[in-house]
Amino acid sequence: MTSATHRSAEEIGRTALGPRPLPLLGEQRAAADLSHVDTQLSNGLRVLAVRKATVPLVEARLWIPFAGDDALHPATAEVLAETILTGTARRNRIEIDAELALIGGDIGAGVDPERLVLTGSALADKLPTFLDVLGDVLTGATYTDGEIAREKERLVERIAVSRTQPRTIAREALQKHRYGDHPATREVPRAEDVAVVTPEQVRALHQASVLPRGSVLVLVGDLDPEGVLGELEKVLGGWTSDRSAVRLPPLPELTGPDVLLVPRAGAVQSQIRLSAQTVPRTDPGYAALQLANLAYGGYFSSRLVENIRENKGYTYSAHSGFEFTDGTAVVNVDADTATDATAPALLETRYELGRLGQVPPSGEELESVRQYAIGSLLTSTSSQAGLAGQVLALASTGLGLEWLNEHPARVAAVTAEDVAEAALKYFAPKRFTGVVVGDAQVLERKLLALGDVVVGEPA
C-alpha cells in the first residue's frame, strides 16, 4: 500500500532522463553586515556593540584575561567563578536572581587557564538594569564565607567525578605532553587545592585580576550601538585599574612526531589525541587551512570519518578541529576506540594525514567543504547568541566584525592549489604529536611497531 501511494527518495531524485540536477547555489552573503561600534571605554575596556534586532533581546559576553602562576590560582579562580554571582554590597544572591528574572535575564560565569567569561542576556528594553547588575558584580562582589564554603563543597564533588572521566584524563595527558608545566595545562584544579581556598584569597584574586583594561565586552541584539556606550560609561565607571588583565605567557611551539602512550590499566576504550601547530585566523593562509581541515576530519563527510568510522567501524566519533589560545592555533585530531581497534585506528589516522598532502581534495570535494565552511559560518551568526560568541572569539585575538564580513569571500577565493599547499605544510604526519590513553599491556607492542610512539607514566 505504501509503495503504491508514495515515491521513494530515489524515485523523487530522478526523472525519465536521469537524476534531477541540483539547483545552483545562491550568491554568498556577508556573515554579519550589521550596524556596530568597536571602541574603548575610559577604563580601558574594549566594547563591541552590534545591532541585530531579530528578537527583542540582548546577548552579552565579557572576556577577561585571567592567567596566573601561583600554584593555587586554578583552584582559586574556579571558586571565584562559582561565587562571583552570589552577592554584592548592594544585592545578595536572591536579590540578584530575582532582579535578573524580572527582566528576562540571566548571567553565568566560567573560567579556564586563559580567561574568565561572563555570559548573559536580557530583554532589550531592560538592558540598563542588566548592565547595572553586571557592573555591581564586577565592582562589588563580596564572596561571603558561607557562599564560599557552600560552593567549594559542590565544586570538590564535581572535580572528583570529572577526574574519573576518560576524556578529562586524556585532555590532561595531552596538555602535559604538549606544554609541560605551562599554566595553560591547569584546566581542572585539584580537589585538595579547592578545599584549602579561603574567602580572603578569592577576594584578593578579584581585586588583582578582574580588570577592565585588556578585557572585551560584546553586546549583540536589539540595541542602539552608539547609545549604549553612555550607559556603559555610567554603570562601569567604578570598574577601574591602572593595571591590565593578565594574559597567558606564550605557548611553546609544538613539534612532532612522538606520540605518548599513557597507560590506563584495564581500560576497555582508548583515547587518541593528536595535535600539530598551525596558524591563527589572522594569517592570510587560514582560509585554505580551514578547508584542508574540513576535508581531513572537520565534518561528517570528511576523509577521516569515512575511513575509521563508516568503512572500518573503529570509532563512533572522529573529528579534527582548531584550538585557538591567545593568538596561537593548533589543529587537534580526536578519536575514541575500542582497545583492540586502537593501533589500526592510529595507523589509518596517520595514513589520512599523509594522503591529504599527497592526494589533495578533488574539485568536487573542495566545493563541498567550501560550501560547508561558508554555510556553517552564516548559520552560526544567524542568532544573537551565535553572533555574540563569534564576535567574542574574534575580539579576544584583536579582530573585529570586519573579519566575519570578509571571511566568506576569502573562503570563496581559495583554490585547489592553496588547499594542497596547506595540506602539505600543516598536515604532514611527522608534524603531529599527541597521546594515546589506554591499556598499555594490550596496546604497547602494537603501537610501538607503528613507530614514533613512546611509553609514558600511568594516568
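Model, not experiment: these values are computed from the prediction.

Enquirer: What is the right way to read the sheet that holds strand β12 (residues 328–338) from this model?
Expert: The pairing of strands in a sheet comes from backbone hydrogen bonds and takes either a parallel or an antiparallel form. Read from one edge of the open sheet, six strands run β11-β12-β10-β13-β9-β14, paired in mixed fashion. Both outer strands of the open sheet, β11 (315–325) and β14 (453–455), are each paired with one neighbouring strand and no more. Sheet twist, expressed as the mean angle between neighbouring strand axes with direction ignored, is 20°. Note: strand β9 (residues 259–263) against β14, three bridges, orientation parallel. Opposite V259, over in β14, you have V453 as the bridge partner. Contacting β9, β10 (269–277), β11, β12 and β13 (433–438), helix α7 (residues 166–179) crosses the sheet at an angle of about 145° to β13. Its contacts with the sheet put helix α18 (residues 440–450) on β9, β10, β13 and β14, and the angle it makes with β9 is roughly 160°.

Enquirer: Sorry if this is basic, but what is going on with the UniProt feature "domain: Peptidase M16 N-terminal" (unreviewed entry) in the protein chain here?
Expert: Per the UniProt record, "domain: Peptidase M16 N-terminal" (unreviewed entry) is annotated on residues 76–187. Across residues 76–187 one finds 57% helix and 13% strand; the C-alpha atoms that close the span lie 12 Å apart.

Enquirer: Explain the sheet that holds strand β3 (residues 36–40) to me, please; I cannot follow it from the model alone.
Expert: In space, the six strands of this open sheet follow the order β3-β4-β8-β5-β7-β6, with mixed pairing throughout. Edge strands, defined here as strands with exactly one partner in the open sheet, are β3 and β6 (106–111). Here the strands of the sheet are splayed against their neighbours by 10° on average, with no regard to which way each runs. Sheet strands touched by helix α5 (residues 127–140): β5 (57–65), β6, β7 (115–123) and β8 (216–221). Its angle to β7, the strand with the most contacts, is close to 155°.

Enquirer: Teacher, can you tell me more about the pairing of β10 here?
Expert: On any regular strand, side chains alternate: one points to one face of the sheet, the next to the other face. By the criterion of burial, β10 is predominantly enclosed, with eight of the nine residues buried. Note that β10 and β12 share nine bridges and pair antiparallel. Bridge pairing in β12 links L274 to V333. As defined by bridge partners, β10 adjoins β13 across five bridges and the pair is classed as antiparallel. Residue pairing in the sheet places S275 in a bridge with T433 of β13.

Enquirer: For this particular structure, what's the right way to read the pattern of salt bridges?
Expert: Two side chains of opposite charge can pair, provided their charged atoms sit close to one another. One pass over the full model with this rule turns up 33 salt bridges. For the salt bridge of E147 with R150, the shortest nitrogen-to-oxygen distance reads 2.7 Å. Taken together, the residues span about one helical turn, with E147 and R150 both in helix α6 (residues 145–162) at a distance of three residues. Overall, the relative accessible area of 39% leaves R150 in the partly exposed class.

Enquirer: Can you walk me through the pairing of β12 in this structure?
Expert: Counting buried positions along β12 yields eight of eleven residues, so the element is predominantly enclosed. As paired elements, β11 and β12 share nine bridges and run antiparallel to each other. Bridging across to β12, H319 finds its partner in D334. Joining the antiparallel neighbours β11 and β12 is a turn of two residues, in which D326 adopts a positive phi near 45°.

Enquirer: Can you walk me through the packing of helix α13 (residues 342–358) against α18 in this structure?
Expert: Helices that pack against each other are described as a pair by the angle of their axes relative to one another and the distance between those axes. The contact between α13 and α18 brings their axes to 9 Å, and the two run at 20°. For the element pair α13 / α18, the angle class is roughly parallel. Note on packing geometry: the crossing formed by α13 with α18 is right-handed. From α13, T342, A343, L346, L347 and R350 reach across to α18, where they touch L443, K446, L447 and L450. Looking at the contact of α13 with α18 residue by residue, the classes come out as six nonpolar, one polar and two charged.

Enquirer: Where do I start with the environment of E187 in this structure?
Expert: If you trace the backbone, E187 turns up in the loop between α7 and α8 (191–196). For the pair E187 and E172, spaced 15 residues apart in sequence, the C-alpha separation works out to 7.7 Å. Not counting residues up to four positions away in its chain, the partners in contact with E187 are E78, P113, R171 and Q175. A distance of 2.8 Å separates the side chain of E187 from the side chain of R171, its partner in a polar contact. A polar contact is formed between the side chain of E187 and the side chain of Q175, at a distance of 3.2 Å.

The rules we used
- Residues numbered from 1 in each chain as written.
- Predicted model: local features only at pLDDT ≥ 70, side-chain atom pairs only at ≥ 80, totals over all residues.
- Heavy atoms only, no water.
- Pairing = 2+ DSSP bridges.
- Helix = DSSP H or I, 4+ residues; strand = E, 2+ residues; numbered from the N terminus.
- Axes fitted to C-alpha atoms, helices over the stretch in contact; angles between N-to-C directions.
- Contact = heavy atoms within 4.5 Å.
- UniProt positions renumbered as here; feature names shortened; annotations may be inferred.
- Buried < 20%, exposed > 50% of the residue type's maximum accessible area, 1.4 Å probe, protein only.
- Salt bridge = Lys/Arg side-chain N within 4 Å of Asp/Glu carboxyl O.
- Parallel < 35°, antiparallel > 145°, perpendicular 65-115°, else oblique.
- Left-handed = near helix turned anticlockwise from the far one by under 90°.
- Nonpolar A, V, L, I, M, F, W, Y, C, P; charged D, E, K, R; others polar.
- Polar contact = N/O pair within 3.5 Å; in protein donor to acceptor, adjacent residues only side chain to side chain.

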